[in-house]
Amino acid sequence: MCGIVGYIGTDHAKEKVIDGLRRLEYRGYDSAGIAIPDGRKIRIVKAVGELKNLEAKASDPTFDAPVAIGHTRWATHGKPTELNAHPHGNMDNSIAIVHNGIIENYQELREWLTVEYGVKFKSETDSEVIAHLIGLYYDGDLLSAVNKAVADMRGAYAVAAMAAREPDKIVAVRKDTPLVVGHGSGFNMIASDVPALLKYTRDVYFIENNETVVLTKDSVVIFDEKGNEVERDIQAVEWKADAADKADYDHFMLKEIHEQPRVIQDTLFNRLNPDDSIKLDDISMTKEDIDNFNKIYIIACGTAYHAGLVGKMVIEKMTKIPVEIDVASEFRYRETFIDDRTLFIAISQSGETLDTLAALRDAKERGARILSVVNAVGSSIARESHDVFYTLAGPEVAVASTKAYTTQLICMYLIGLYMGSTKGTVGREYYEFILNELKELPDKVGRILLSEEKYKKLAERYHFNDHVFFIGRGLDSGVSYEGSLKLKEISYIHSFAIAAGELKHGTIALMDADSLVIALATQDRLYEKMVSNIVEIQARGAHIIGVAKEGRTEIEKTSDEVIYIPNCADEVAPVLAVIPLQIFAYYVALERGCNIDKPKNLAKSVTVE
Ligand code: AGP
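Residues numbered from 1 in each chain as written. Predicted model: local features only at pLDDT ≥ 70, side-chain atom pairs only at ≥ 80, totals over all residues. Heavy atoms only, no water.

**Student:** How should the packing of aromatic side chains be read in this particular structure?
**Tutor:** Given two aromatic rings, their pairing is described by the distance between the two centres and the angle made by the two planes. Under the definition given, this model contains seven aromatic pairs. Aromatic side chains Tyr7 and Phe187 sit 5.6 Å apart centroid to centroid with 20 degrees between the ring planes, which places their arrangement in the stacked category. Here Phe187 lies in strand β10 (residues 187-191) and Tyr7 lies in strand β1 (residues 3-8), a separation of 180 residues in the sequence. The exposure class assigned to Tyr7 is buried, which follows from its relative accessible area of 3%. The exposure class of Phe187 is buried, given its relative accessible area of 13%. Among the aromatic residues, those joined into a ring-pair cluster are Tyr297, Phe331 and Phe344. (Phe/Tyr/Trp six-rings, centres within 6.5 Å; stacked < 30°, edge-to-face > 60°. Helix = DSSP H or I, 4+ residues; strand = E, 2+ residues; numbered from the N terminus. Buried < 20%, exposed > 50% of the residue type's maximum accessible area, 1.4 Å probe, protein only.)

**Student:** What exactly am I supposed to notice about the site of the ligand here?
**Tutor:** As a matter of local geometry, the ligand sits amid 14 residues, with Ser348, Ser350, Thr353, Val399 and Glu489 nearest to it. Within the backbone of Thr303, one N or O atom sits 3.0 Å away from an oxygen atom of the ligand. The side chain of Glu489 places a nitrogen or oxygen atom 2.4 Å from an oxygen atom of the ligand. Protein contacts shield 91% of the accessible area of the ligand, which totals 410 Å² for the unbound molecule. (Near = heavy atom within 4 Å. Polar contact = N/O pair within 3.5 Å; in protein donor to acceptor, adjacent residues only side chain to side chain. Areas by Shrake-Rupley, 256 points an atom, 1.4 Å probe, with all protein chains shown as cover.)

**Student:** Help me understand helix α9 (residues 302-319) in this model?
**Tutor:** Owing to its 3.6 residues per turn, the α-helix aligns residues three or four sequence positions apart on the same side. With 18 residues, α9 extends 25 Å from end C-alpha to end C-alpha; this agrees with the ideal 26 Å at 1.5 Å per step. A maximum bend of about 30 degrees is found in α9 at Gly311. By the criterion of burial, α9 is predominantly enclosed, with 13 of the 18 residues buried. One or two residues past the end of α9 sits Lys320, with phi positive at roughly 60 degrees. (Expected span 1.5 Å × (residues − 1). Bend = angle between axes of the 7 residues up to and from the residue.)

**Student:** Is there a simple way to think about the sheet that holds strand β20 (residues 387-390) in this case?
**Tutor:** Pairing between the strands of a sheet comes from backbone hydrogen bonds, and it takes one of two forms, parallel or antiparallel. Across the sheet, five strands lie side by side as β17-β16-β18-β19-β20; this open sheet has parallel pairing. The sheet is open, and its two borders are formed by β17 (323-327) and β20, each paired with just one other strand. Strand after strand, the sheet turns through a mean of 20 degrees between neighbouring axes, direction not considered. By the bridge criterion, six bridges tie strand β18 (residues 342-348) to strand β19 (residues 369-374) in an arrangement that is parallel. The partner of Ile347 across the bridge, within β19, is Val373. Of the strands in this sheet, β16 (295-300), β17 and β18 are in contact with α9, which crosses β17 at around 175 degrees. Where helix α13 (residues 403-423) meets the sheet, its contacts fall on β16, β18, β19 and β20, and the angle it forms with β18 comes to roughly 160 degrees. (Pairing = 2+ DSSP bridges. Axes fitted to C-alpha atoms, helices over the stretch in contact; angles between N-to-C directions. Contact = heavy atoms within 4.5 Å.)

**Student:** I keep staring at the packing of helix α15 (residues 441-449) against helix α19 (residues 573-591) and nothing clicks. Help me out?
**Tutor:** Helix-helix packing: each pair is described by the crossing angle between the helix axes and the interaxial distance. Here α15 crosses α19 at 30 degrees, and the two axes come no closer than 10 Å. Taken as axis vectors, α15 and α19 run roughly parallel relative to one another. Of the two elements, α15 crosses α19, and the hand of that crossing is right-handed. Residue-level contacts link Leu441, Lys444, Val445, Ile448 and Leu449 of α15 to Val575, Leu576, Ile579, Pro580 and Ile583 of α19. Residues of the contact of α15 with α19, tallied by class, amount to nine nonpolar, no polar and one charged. (Parallel < 35°, antiparallel > 145°, perpendicular 65-115°, else oblique. Left-handed = near helix turned anticlockwise from the far one by under 90°. Nonpolar A, V, L, I, M, F, W, Y, C, P; charged D, E, K, R; others polar.)

Below is the structure:
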């Protein structure tokens, strides 16, 4: 996924833009570039590979100005080459743009510009058409030219543009792809995501869909799609400036794994009143609303979907309302029974996953009440929901989601308790029991992290396995899907999760001495069944790593290794059971020499369908 950074102020924009791009490296990229006006036209410097290559190429001290736009490109249309890198200029480089997203009708626009106006394209990208369109419409007013260009475009885009004749402004526009403005005294910035801004300012404006923004060094003016000026409050980003850097960890992923005790604590305790009742920051759902719901959908992708698998069972148990769960990309093509008695819960770390956003819009159109569980403040999914429940995980930079997942689980429990206690389906005793279990989680997660060395040794012993199975029953089944995804997405091992009860219906045919099976058996009421599953698998020669609560030593007799988690109620075991699986995946990927924070082919937020 590409990264955009723009700066307009009184002094050297180049270093601030490149520094901002560095804060967006987690999004993955294969080339980068920067554009700076030199009074006559716009100079553009680009480089393939890492940002240091761009820095070297742009090191000429005369290549600087108080305004610049920059870009890190994740190739979609066209190979990662200098020509395809952004920024793109029109033919005489009087206009330059950077773009994140996909212009779906770029082919026809390219043809039209070539045939009708003799435009000579330099790159294979869809994005370049934007520069030529703006150049075509430009008559000295960049805002108007951008609006006309956008009217010709179809697709998802976040665009920042500059004109050589107006070096005192940057114009940006967004549709279905995030853009945020950083406001400072004597300067303003535009970026794809908050971490690019944190070193310079924590005061931000979130740009809404189909809005355009004009930045000068002293002003930020936002327009809606009709061209009306929009009043928007500044939001102060709570994250600490260093929150988006690795501190003294080798990888963001390991840092974020270790942040879990604190962020679980933050996500939980910031939601409790002194009397332990739950206070929900951005939720206006009333008792009438809650009593009115007769079905709940949980819709998400990837790890967020796996949090929903746990959420489904927890919320059903607490609210006695049927909960359907589906991956967003499938939900949209189903016959669904959504109406004004439906609660639609969208879970998303980035709040920008287009599959989830599109599903949310479908459900909203049909009258559902939209509650989103989101980590990125002010993101599209958050802004298009009726109610938002923020996971207070801070910036999650590693592509492999860890702390977002466990804080999403916390939100699932709190939503279940809040709705259940409001509806009367959760009594005081059970409410206090679960809440106390949740309050003990930060310490218990911290205790698990103390055994990191043990999970590292397991990874050293088993990192060569090319076929790994994760199995579990009930809540453990949802966690096994998350454990499997962690392993496959950073170590590229073919790992596979399946409900343990399903094994005998086919998959057990795959079990042999080369198989490694990670068997989750944390659910007391399903423990015996899981132990007998393990016996069946062991009979086929597979290696078994069991995961159980402390004291359940029966599993040792049938497993090669056992990972114990602190004792806890079945309901909250997923928050603990996933931690060793995260660490195991991390060290397996390390053993296999993989790029842990930026796995191949993956992006932190998938803003395309
Ligand atoms: C999980 O480790 C992956 N990064 C991916 O599956 C991710 O969870 C999925 O793309 C959903 O992202 P979101 O939570 O930002 O919507």
